[in-house]
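Fold and geometry: a report
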Amino acid sequence: MLAVHLVSFFFSKLQEDPTKKVDRFLYAMRIHDDQLTDISARFQAEMKKGLSAESNAAAAVKMLPTHVRSTPDGSEKGQFLALDLGGSKFKVLQVKVREGMGIRRGGVEMEEKTYSIPKELLIGKGTELFDHVSESLKDFLHEKNISLEKKHPLAFTFSFPCEQSTLNQGLLLNWSKNYRARGLQGKDVVQVLREAVDRTGGMDVEVLAMVNDTVATMMTCGFDDRYCEVGLIIGTGTNACYMEELRHVDLVEGDEGRMCVNTDWGAFGDDGALKDFITEFDRDVDAASNNPGKQLFEKMVSGMYLGELVRLVVLKMAKLGLLFDGHVSNALKTKGKITTAHVAAMEEYKNGLKNTRDILTELDLTPSPDDCIAVQHVSTIVSFRSSNLVAAGLAAILTRIKQNRNLRKLRITVGMDGTLYKTHPQYPKRLHKVVRRLLPECHVRFVLSDSGSSKGAALVAAVAQRLASQRRKVDETLSPFRLNQEQLQLVKARMRAGLEAGLKSKISSGIKMLPSFVYHTPDGTERGKYLALDLGGTNFRTLLVDFKKGLQQNSRLYHKIYTIPLEIMQGTGEELFDHIVQCISDFLDYMGMKNAHLPAGFTFSFPCEQTAIDTGTLVSWTKGYKATDCEGHDVVGMLREAIKRHNEFDLDIVAVVNDTVGTMMSCAYEDPQCEIGLIAGTGSNLCYMEELKNIEKIKQEEGKMEREEGTPERQGDMQDDEIRRMCINTEWGGLGDDGSLDDIITPYDVEVDQNSVNAGKQRFEKLTSGMYLGEVVRQVLLDLTRGGLLFRGHVTEPLKTPGIFQTKYLSQIESDRLALLQVRSILQQLGLDSTCDDSIIVKEVCGAVSRRAAQLCGAGMAAVVDKMRENRGLDHLNITVGVDGALYKLHPHFSKVLQETTSVLAPQCDVTFVPSEEGSGKGAALITAVARQKQDM
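Residues numbered from 1 in each chain as written. Predicted model: local features only at pLDDT ≥ 70, side-chain atom pairs only at ≥ 80, totals over all residues. Heavy atoms only, no water.

The next thing to look at is the sheet that holds strand β14 (residues 514-515). Pairing between the strands of a sheet comes from backbone hydrogen bonds, and it takes one of two forms, parallel or antiparallel. In spatial order, the strands read β14-β24-β23-β22-β25-β26; together these six strands make up an open sheet with mixed pairing. Two strands in the sheet have a free side with no partner beyond their single neighbour: β14 and β26 (909-915). Judged from the five bridges that link them, strand β22 (residues 674-680) and strand β23 (residues 684-691) form a sheet pairing that is antiparallel. When the sheet's bridge partners are listed, Ala680 is paired in β23 with Ser684. The sheet strands contacting helix α21 (residues 659-668) are β22, β23, β24 (725-729), β25 (877-884) and β26, and the helix crosses β22 at an angle near 130°. Strand contacts of helix α28 (residues 836-871): β22, β23, β25 and β26, with the helix running at about 5° to β23, the strand carrying the most contacts. (Pairing = 2+ DSSP bridges. Helix = DSSP H or I, 4+ residues; strand = E, 2+ residues; numbered from the N terminus. Contact = heavy atoms within 4.5 Å. Axes fitted to C-alpha atoms, helices over the stretch in contact; angles between N-to-C directions.)

Right, dumping it as structure tokens:
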């Protein structure tokens, strides 16, 4: 009885608007924006699941890495063969990517031939299918008069789900699109193709790349539009790919750059993610398919199934008496009688209703005008749902790209292909409109692939060839920076020879080995207030250090930093020391201690010849200083004279020390084993405790001075039996000034040296210190750009500007936590418009230059610690190094590489590196305190 009432109800509605009748019947297929947003969020979750190594196995959306790492940049060139296998026919092509055409139209020329595939091969042996492909390839070469003897690079479009571990390898996961060839699932189809070519014989081809048709579509469109980083197919099947940040692709090693990921999104919903959106008609289509329970999203949206969905809806409505007065023809009951082409025809703007009538008449039906309107509306709802679902999936991909790149707005192009998108009159407009509505903050451009996936496959091969060539050239450029163990051992040996030579006064050596007249490290009993003055770069620091009684109370430190302007650094000596005195005066005012007569230590971080603890004759300026009338003069005397000129305060300058010595003393206050000081910052230098007996220049000087022992200048008495060592300021930055490093110095180092204020000097420092590393990097980047390997070959004014690439950028760019987007941001701040590939190369250049610097410092350190071990007659040496300098402290890898290199080159030494917390200033105060204690004894 209920059924009779329902039929009566439906018949009563026949007089109403036929579209409303369909709307009610297909209510479950009408998806609103809030539902689309929900679906988009679900797909984002599935993408994340597929990208993770932990959850990929259980993920429905596999997110397959393609190993395509770059879209075209317009510089691709060459001739390629292409095979396109993915439907009932396949194509063989010759693709010419013309040199110098860039992204201009006409940059690619193609000749092609389509070959049919007999149906028996689709379900026969896989080897027979590929033999047919190979024989067709040979036929094409003959027909086009293409040489069979020459090696031809080949690109293979294979439009089935594959797991790739490299660009030219892919394991077939499963067939689709009516292919069922036996014996290939789980096998590398590229290898199967190679074997078929070998069996055919007479051809020499190299398979450079295997790609999915979606990837090929993205690459085709990317050749004309550099913003194209998404590919979308809506045809017989459906799929999408996009450029994902490599750091998120767990299934592939490495985290630099991007890789195209084939989402394989047709399987979305196979795990139940779309169960509340799947209708009874979807379930019927799935049940009658060749792969029930699989590819559910594809069955809801792709051209293979839309016609069948429409047929099932129309059949159900007819059976309920809602169409054709309840008449159902045998044709309407037959699977496949309504195709997606019919759906497109029914929705044509002008002829849609006429086409609908003709199609229904061919199905042995007698439709009324309302029937035609209703069936047309069924087609609209089914195809509209398809475009809505595709829009939701695409919105998920674009949202992920936008979030990956931390952008407020995203400009991007989507490459499109597929018969449904191309032939359905309303589909593209609907898709574009919904995507833009879901993502108003994204500027999305849709570009139709003009040459299908074949051109794209060839472009993948062309890009792969370009990247391989680029890789070789970049490697050749950076190879001189990559030092092997043999080279590092040679540097260690040359440093050792330089140390020995520098200890002898009559032998000229680039390594000055300057005596510091510091004989003792702190013992923890130091106390009192001391002023420390620290000049070593573009800043001058004044400190007041108050050593409390007992180590447990440590010390209190007050300091203030003053800038040294460039005009002062490169003016007269008198102006420089007057400026320093003004800074000291300000600090004493600030501390309220202008009338105190304080003992002071002067950290002066430039090479000085010392004859006592409180005298230091400047040998030569470094680090950009050029103040006149200073070299050859006692800097303590110059400071004392400047203090007298100002006549505002008085200081007792007890000691002048190098910053390395100050750093060693500062760390030795905490660790008695600290007997080495290292500066790795703006400059590069090292000091260490040398045996007095080995310092021949001291012994010779003492002979001349008739061993003036016990004088105050000698920091206590030289007759003290405990005095066996003195701290030597090596000034190791001069290693190589005699040409001993010419075999590892690159043309870029030569350029930096020649443009410096002290050409030919401090060669080791110019390889290792922060003042120069950024400029070395700039020289390399300039050379790579001129060679067309960076920044599209465009040499900008900023790139030609000396000093613009500061060493701090190396530390920032090489940070493991820094995404390439942020690297690009840094480069853009410098006026360098970079691509993702550019950023990778820049990061690699920075890494090569900074790693070499750390290795060279490690080789020098190994020479020093081995010398100390041998000096002391030890089989094994335990020693601590106090370190200061921004390069060591701030660069993400410098300290680790330095330590590793030292350990490898000096295996009999256990070297502990301790960063100095207060730097060389506190050390100067400690030296002053130690000197005062010895004088008072």
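Unlike most non-glycine residues, Gln295 shows phi in positive territory, near 55°. Along the chain, Gln295 falls in the loop between α8 (280-287) and α9 (296-301). Look at Asp364: it is not a glycine, yet its phi comes out positive at around 65°. With respect to the helices and strands, the residue Asp364 is situated in the loop between α12 (352-362) and α13 (369-404).

Now for the pairing of strand β9 (residues 228-234). If a strand is regular, its side chains alternate between the two faces of the sheet. Buried residues dominate β9, accounting for seven of its seven residues. Connecting the antiparallel pair β9 and strand β10 (residues 238-245) is a turn made up of three residues. (Buried < 20%, exposed > 50% of the residue type's maximum accessible area, 1.4 Å probe, protein only.)

Turning to the confidence of the model for the protein chain, a few remarks are in order. On average, the protein chain scores 88 in pLDDT, and the residues at 70 or more come to 92%. The least confident element of the protein chain is helix α1 (residues 2-12), whose mean pLDDT is 45; the most confident is helix α30 (residues 894-905), at 97. Per-residue pLDDT stays below 50 along residues 99-105; that stretch engages in nine contacts with residues further than four places along the chain or on separate chains. Of the regions scoring below 50 in pLDDT, residues 703-721 engages in 29 contacts with residues more than four places distant in sequence or in other chains. (pLDDT = per-residue confidence, 0-100.)

Time to look at the pairing of strand β5 (residues 152-158). Counting buried positions along β5 yields seven of seven residues, so the element is predominantly enclosed. Direction of pairing for strand β2 (residues 78-85) relative to β5: parallel, over a ladder of five bridges. Its bridge partner being in β5, Asp84 is matched across the sheet by Thr157.

Turning our attention to the nonpolar core. Core analysis: the largest hydrophobic core is formed by 110 residues, its most contacted members being Ile676, Tyr688, Phe805, Val842, Val845, Val865 and Phe894. Non-local contacts of Val842, meaning those with residues more than four positions away in its chain, are made with Leu781, Leu790, Phe791, Phe805, Ile813 and Leu827. In this structure, Val22, Val313, Leu332 and Ala395 belong to the second largest nonpolar core, which totals 88 residues. (Core = buried A, V, L, I, M, F, W, Y, C linked by side-chain atoms within 4.5 Å.)

Two packed helices can be described by the angle between their axes and the distance between those axes. Direction vectors running N to C along helix α23 (residues 747-754) and helix α25 (residues 770-786) enclose 120°, while the axes themselves pass 9 Å from each other. By the angle between their directions, the pair α23 and α25 is classed as oblique. Pair α23 / α25 crosses with right-handed handedness. The residues of α25 that touch α23, namely those facing Tyr748, Asp749, Glu751 and Val752, are Tyr772, Glu775, Val776, Gln779, Val780 and Asp783. Residue classes in the contact of α23 with α25 are distributed as five nonpolar, one polar and four charged. (Parallel < 35°, antiparallel > 145°, perpendicular 65-115°, else oblique. Left-handed = near helix turned anticlockwise from the far one by under 90°. Nonpolar A, V, L, I, M, F, W, Y, C, P; charged D, E, K, R; others polar.)

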